[in-house]
Amino acid sequence: MKTNSLLFCFTLFLIGCQEDNSSIDTGSDSYLPLEVGNTWIFRSLPQNNNDRKTFRRVIAEVNLDNRIYAQVVSGWHDAEEVINDTVYYRVDDKGFVYSRRKYNDTEENKFRLNAEDGDTWTYPIENNDLVAITLSVVDVELKIKRLQNCKAYFRDVSPWVDEEYTITLAKGLGFVKEYSNAWGMGSDLESATINGRKFNF
């Protein structure tokens, strides 16, 4: 009986020690903070898949076709970082996030930061296909923190096969998880540096 009581108390202690994002103060209330220098480091999912880490970093504000974008690079986070992609993001007054490439002025409306649980929208891509986005409000369990009220954006192009994936954003942090629903793999947040403050997850 005494052993069971100790086990119960220890379980309550562990639950009490689990942190959530109510204690995280990044200096931002945006679901996608894009200030220059903000950095996200990700570990692979499932975690036994491989040990390589990836990163995203905002490196500049740039003017493309008379619009201001945050230039976000990404790649491998090894002993030396290897950049293998660049995407440009801008957020309009309605909280719509548009992304594009440097030499392609076609914008994708991947995120709507003020959207609510269950909202859906579409936008066109090549060959007149339509991307459908569905938003769900979810909690995300990371290694040492539980992030509440995150926004998960599920992307699907109905004529295509095995391209479905979900990108999840957390308030004040931005990118916290990316997951291929078709392939069962992705990445989640290990650490983030937002407005000069570093947070481990």
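Refer to the structure printed above.
Residues numbered from 1 in each chain as written. Predicted model: local features only at pLDDT ≥ 70, side-chain atom pairs only at ≥ 80, totals over all residues. Heavy atoms only, no water.

Visitor: Quick one: what's the story with the pattern of salt bridges, residue by residue and with numbers?
Guide: Using the criterion set out here, one finds 13 salt bridges in the structure. Residues Asp 25 and Arg 197 are paired through a salt bridge, measuring 3.5 Å at the closest nitrogen-oxygen approach. Placement of Asp 25 in the loop between strand S1 (19-20) and strand S2 (39-45) and of Arg 197 in strand S14 (residues 197-200) is noted, with a sequence separation of 172 residues between them. Relative accessible area serves as the criterion here: at 38%, Arg 197 is assigned to the partly exposed category. A salt bridge links Glu 107 to Arg 67, with the nearest nitrogen and oxygen atoms 3.2 Å apart. (Salt bridge = Lys/Arg side-chain N within 4 Å of Asp/Glu carboxyl O. Helix = DSSP H or I, 4+ residues; strand = E, 2+ residues; numbered from the N terminus. Buried < 20%, exposed > 50% of the residue type's maximum accessible area, 1.4 Å probe, protein only.)

Visitor: For the environment of Trp 121, give the residues involved together with the corresponding values.
Guide: Inspection of the secondary structure assignment puts Trp 121 in strand S8 (residues 120-124). Setting aside its immediate chain neighbours within four residues, Trp 121 contacts Asn 109, Lys 110, Phe 111, Arg 112, Ala 115, Val 131, Ala 132, Ile 133, Leu 135 and Tyr 153. From its side chain, Trp 121 meets the backbone oxygen of Asn 109 in a polar contact 2.8 Å long. (Contact = heavy atoms within 4.5 Å. Polar contact = N/O pair within 3.5 Å; in protein donor to acceptor, adjacent residues only side chain to side chain.)

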